[in-house]
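Each chain, letter by letter, is given below.
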Amino acid sequence: MVKSMVHHLYFADKLDAPRKNRFPERFMDDIAALVSTIASDIVSRFQKDTEMIERLNTSLAFFLNDLLSVMDRGFVFSLIKAYYKQSSGFSTNVQDQKIANMFELSVPFRQQHYLAGLVLTELAVILDPDAEGLFGLHKKVINTVHNLLSSHDSDPRYSDPQTSRQHSTFSAESSRNLLICLLWVLKNADESILQKWFTDLSVLQLNRLLDLLYLCISCFEYKGKKVFERMNSLTFKKSKDMRAKLEEAILGSIGARQEMVRRSRGQLERSPSGSAFGSQENLRWRKDMTHWRQNTEKFDKSRAEIEHEALIDGNLATEANLIILDTLEIIVQTVSVTESKESILGGVLKALLHSMACNQSALYLQHCFATQRALVSKFPELLFEEETEQCADLCLRLLRHCSSSISTIRSHASASLYLLMRQNFEIGNNFARVKMQVTMSLSSLVGTSQNFNEEFLRRSLKTILTYAEEDLELRETTFPDQVQDLVFNLHMILSDTVKMKEHQEDPEMLIDLMYRIAKGYQNSPDLRLTWLQNMAGKHSERSNHAESAQCLVHSAALVAEYLSMLEDRKYLPVGCVTFQNISSNVLEESAVSDDVVSPDEEGICSGKYFTEAGLIGLLEQAAASFSMVEDFNTFIYAGMYEAVNEVYKILIPIHEANRDAKKLCAIHGKLQDAFSKIVHQRSKLVKGNLETRCHAKSAILEKDDH
């Protein structure tokens, strides 16, 4: 029909005529009636013949798309609007007020971008978590929005930044394609519009947006060439395996069918060379050998193709994270003058730290460190008073980047770490909190990281020491001396790193060294806890779950010892003495000598584990490790089941005080399973002993008879 319409315009010499004058009104009424009839047929028969109606709906969509090229577009839009109203009864529900509050399109936008407005409205409704029966449409609507924005990027008419801003609006979260759509919007939208939008959002909605940005960071993390090479080899191997399995399934593994095919192959091989099939063995199944399929089924990618994919992935990761970084800065500017800034800035810092932990380019990290320094400088109380756990995470991230092989990253990380110390010192003429967190972070890196380079870190520490010596404002204070003491302690920890690497292939010597290092921090609870956890991790790696559990018990006892000084709660353990039934030498964690530090001091016992929740976590890990002991005989005779019971004896009063019925139910269920296995194993042992005695008695009787 469209072809005939174009022919009519050509022969009537109306191809250049105004669109409204190209066709008579009667013909346009017939087109409207045709569309209305097809739409009614689609609605009425949708549930009866879904496949046929979907094809009809697609054909109508292409027909309307073609009409936009030859007819008055206002008239075609009226047809689309009429069809949308007729089909809204079965496609999607009317947008409710809850969605409208989160997702709102202005009237001018709907008028100027009618089709885009329809797509975005459908997007909001389909992605509504309360909508039923629409899950199958998620991928379709997301791909539609993705293709729409991709066409904008490739259209030269939208190359002007001002034009791109006019076409930007907000889209919701879902898959990778939808996240790309979101980042496209955030990149092209005008900053003033984003600020206004962030201002209008509630605290809950802003935190959801920050969660979405956090998800984007994970989604677009750079994978690296090795991952692409591994994926390529797995894909190629899978394709060959699938082809072999298909061939085997068709031919059959045994029987007459396979024998017949083999005989046929033998006849073909013996046929004259001039035969049409004689030189093409197994033509039907080995199509990759034929000339017309030789280049179409190429599963193995060349190194150049893999490098190109890795390059694109790296560029996308950098671009995505820079967009996220710009958005975080706009959010900070928007909420910095509001009363709810504390609850938002914590989410901003969380996203920022997450990006530091992911694989990033040097370009992004330079900008990221600059943003981090500005954030800490403007809101120092955020790290040192409110988000103390994130202060520890930041120290860990900075130290890891201080050991980077790239000098630019090291210099930025060193500057960030130095300024963090400086700001903590300026608050109270002491940077005990950062000093402790840095020392703990380095101890954690030394004990857990395999790719840790102490030589590069020593260079960064020298840079930090130079900063302190040349800082004119603080030269007359105790700050340079405190920095020097910290750097000296860090160098001592790095010396332990060298010793640990020497014993890397000797697990027993390595654990013994880690034990002696932990023993050296007897008067520093934070550092001793770090090394006890390092030891637990090493034991767990070698499946020494009983030993790992004992390290975790000592960790919990250490926390309980200092927590009893900080908290006066009767349901908490009174100290490490409570753990004597689990470990005979747990009293090593006692804090009774005169030289033991007080938990009230700045930076002491300030980590996340020196809390009630931290104690619960350590106890649960210990119980889980005891339960993972594989040798069930060891589990019984070494008293591991009793240890599990004793651990839960400490946990149960805490959960009872908190009225946590769910946790109590889980604990009693695990105890029931453990004791049931013990009863079963003991019955087997009794039966085995009885059989052994019977056999022995029978042997003695036979000997007496002879």
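Reading the values: rules and limits
- Residues numbered from 1 in each chain as written.
- Predicted model: local features only at pLDDT ≥ 70, side-chain atom pairs only at ≥ 80, totals over all residues.
- Heavy atoms only, no water.
- Helix = DSSP H or I, 4+ residues; strand = E, 2+ residues; numbered from the N terminus.
- Buried < 20%, exposed > 50% of the residue type's maximum accessible area, 1.4 Å probe, protein only.
- Areas by Shrake-Rupley, 256 points an atom, 1.4 Å probe, with all protein chains shown as cover.
- 1 Å grid on protein atoms, 1.4 Å probe; cavity = no way out; pocket = protein on both sides within 12 Å on 5 of 7 lines; lining within 4 Å.
- Points joined across faces, edges and corners; volume = space filled by probe spheres on them.
- Nonpolar A, V, L, I, M, F, W, Y, C, P; charged D, E, K, R; others polar.
- Expected span 1.5 Å × (residues − 1).
- Arc of directions from axis to C-beta.
- Salt bridge = Lys/Arg side-chain N within 4 Å of Asp/Glu carboxyl O.
- Axes fitted to C-alpha atoms, helices over the stretch in contact; angles between N-to-C directions.
- Parallel < 35°, antiparallel > 145°, perpendicular 65-115°, else oblique.
- Contact = heavy atoms within 4.5 Å.
- Patch = residues over 30% accessible without salt bridge, like charges linked within 9 Å, V, L, I, M, F, W, Y side chains within 5 Å.
- Disulfide = S-S within 2.5 Å.
- Phe/Tyr/Trp six-rings, centres within 6.5 Å; stacked < 30°, edge-to-face > 60°.
- Lys NZ or Arg CZ within 6 Å of the ring centre and 35° of its normal.
- pLDDT = per-residue confidence, 0-100.

A. Representation of the overall build of the protein within the structure. Within the protein one finds 30 helices and zero strands. Taking all 706 residues of the protein together, 41% fall into the buried category. Accessible surface for the protein amounts to roughly 40000 Å². Of this, 53% is attributable to carbon and sulfur atoms.

B. Region of the structure containing the environment of Lys 570. By the secondary structure assignment, Lys 570 is in the loop between helix H26 (545-566) and helix H27 (612-627). Distance in space between the C-alpha atoms of Lys 570 and Pro 653 is 9.3 Å, their sequence separation being 83 residues.

C. Broad picture of empty space enclosed by the protein. With the rule as written, the count across this model stands at one cavity of 30 Å³ or more. In this structure, the largest cavity spans a volume of roughly 30 Å³. In terms of lining, the largest cavity is formed by Gln 522, Arg 528, Leu 558, Tyr 562, Glu 588, Glu 589, Ser 590 and Ala 591. Its residues placed into classes, the lining of the largest cavity shows three nonpolar, two polar and three charged.

D. Layout of helix H22 (residues 454-470). Compared with an ideal rise of 1.5 Å per residue, which puts 17 residues at 24 Å, H22 spans 24 Å between its outermost C-alpha atoms and is within 8% of the ideal. Those residues of H22 lying buried are Glu 454, Phe 456, Leu 457, Ser 460, Leu 461, Ile 464 and Ala 468. Seen along its axis, H22 keeps its buried residues to an arc of 155°; they face one direction. In H22, the exposed residues that point more than 90 degrees away from the buried face are Lys 462 and Glu 470.

E. Structural context of the pattern of salt bridges. Going through the model one piece at a time under the given rule, you end up with 14 salt bridges. For Arg 459, the salt bridge is made with Glu 455, and the minimal N-O distance between the two is 4.0 Å. Here the residue Arg 459 and the residue Glu 455 both occupy positions in helix H22, the gap between them amounting to four residues, near one helical turn. For Glu 612, the salt bridge is made with Arg 569, and the minimal N-O distance between the two is 2.4 Å. Of the two residues, Glu 612 sits in helix H27 while Arg 569 sits in the loop between H26 and H27, which places them 43 residues apart along the sequence. For Glu 612, a relative accessible area of 14% translates into the label buried. Members of the salt-bridge network, linked through shared partners, are Arg 422, Glu 426, Asp 471 and Glu 473.

F. Quick peek at the packing of helix H1 (residues 2-11) against helix H3 (residues 50-70). The contact between H1 and H3 brings their axes to 10 Å, and the two run at 10°. Judged on the interaxial angle alone, H3 and H1 are roughly parallel. Counting all contacts with H1, which are made through Val 2, Met 5, Val 6 and Leu 9, the residues of H3 involved are Phe 63, Asp 66, Leu 67 and Val 70. A class-by-class count of the residues in the contact of H1 with H3 yields seven nonpolar, no polar and one charged.

G. Representation of a nonpolar patch on the surface in the model. Taken together, the side chains of Val 6, Tyr 10, Phe 11 and Leu 15 make up a nonpolar region of the molecular surface, amounting to roughly 440 Å² of accessible area. Its place among the elements puts Val 6 in helix H1.

H. Looking closely at the state of the cysteines. Taken as a whole and judged by the stated rule, the model has zero disulfides. Cysteine Cys 216 shares no disulfide, and the gap to the nearest cysteine sulfur, in Cys 219, comes to 6.9 Å.

I. Region of the structure containing the packing of aromatic side chains. Within this structure, the stated rule accounts for seven aromatic pairs. For the pair Tyr 10 and Phe 11, a centre-to-centre distance of 5.3 Å together with 75° between the ring planes defines the contact as edge-to-face. Per residue, the accessibility class of Tyr 10 equals that of Phe 11, and both read exposed. Members of the aromatic cluster, joined through ring pairs, are Tyr 418, Phe 425, Tyr 467 and Phe 479. Over the ring of Tyr 214 we find Lys 350, and its NZ or CZ is 5.3 Å from the ring centre.

J. Highlighting helix H24 (residues 507-520). The end-to-end C-alpha separation of H24 is 20 Å, in line with the 20 Å expected for 14 residues at 1.5 Å each. Residues Leu 510, Ile 511, Leu 513, Met 514, Ile 517 and Ala 518 constitute the buried set of H24. Around the axis of H24, the buried residues are gathered within 160° of arc, so they sit on the same side. Turned more than 90 degrees off the buried face of H24, the exposed positions are Glu 508 and Gly 520.

K. Inspection of the side chain of Thr 318 at higher detail. Checked against the element boundaries, Thr 318 lands in helix H15 (residues 303-335). Take Thr 318: its relative accessible area is 14%, and that puts it in the buried class. Beyond its immediate stretch of four places on either side in the chain, Thr 318 contacts Ser 361 and Leu 363.

L. Up close: the packing of helix H17 (residues 362-378) against helix H20 (residues 407-428). Here H17 crosses H20 at 10°, and the two axes come no closer than 9 Å. Looking at the two axes, H17 sits roughly parallel to H20. Where H17 approaches H20, its residues Ala 362, Leu 365, Gln 366, Phe 369, Gln 372, Arg 373, Val 376 and Ser 377 are matched on the opposing element by Thr 408, Ile 409, His 412, Ala 413, Ala 415, Ser 416, Leu 419, Leu 420 and Gln 423. Each residue belonging to the contact of H17 with H20 can be placed in one class, and the counts come to nine nonpolar, seven polar and one charged.

M. Structural view of the confidence of the model for the protein. The predicted model of the protein has a mean per-residue pLDDT of 77, with 72% of residues at 70 or higher. The least confident element of the protein, judged by mean pLDDT, is helix H5 (residues 97-102) at 43; the most confident is H17 at 92. Overall, residues 267-299 carries pLDDT values under 50, and its contacts beyond four positions in sequence, including any with other chains, amount to 24 contacts.

N. Broad picture of unusual backbone geometry. A positive phi angle, close to 60°, is found at Ser 543, a residue other than glycine. Relative to the assigned elements, Ser 543 resides in the loop between helix H25 (525-541) and H26. When its relative accessible area of 43% is taken as the criterion, Ser 543 is described as partly exposed.

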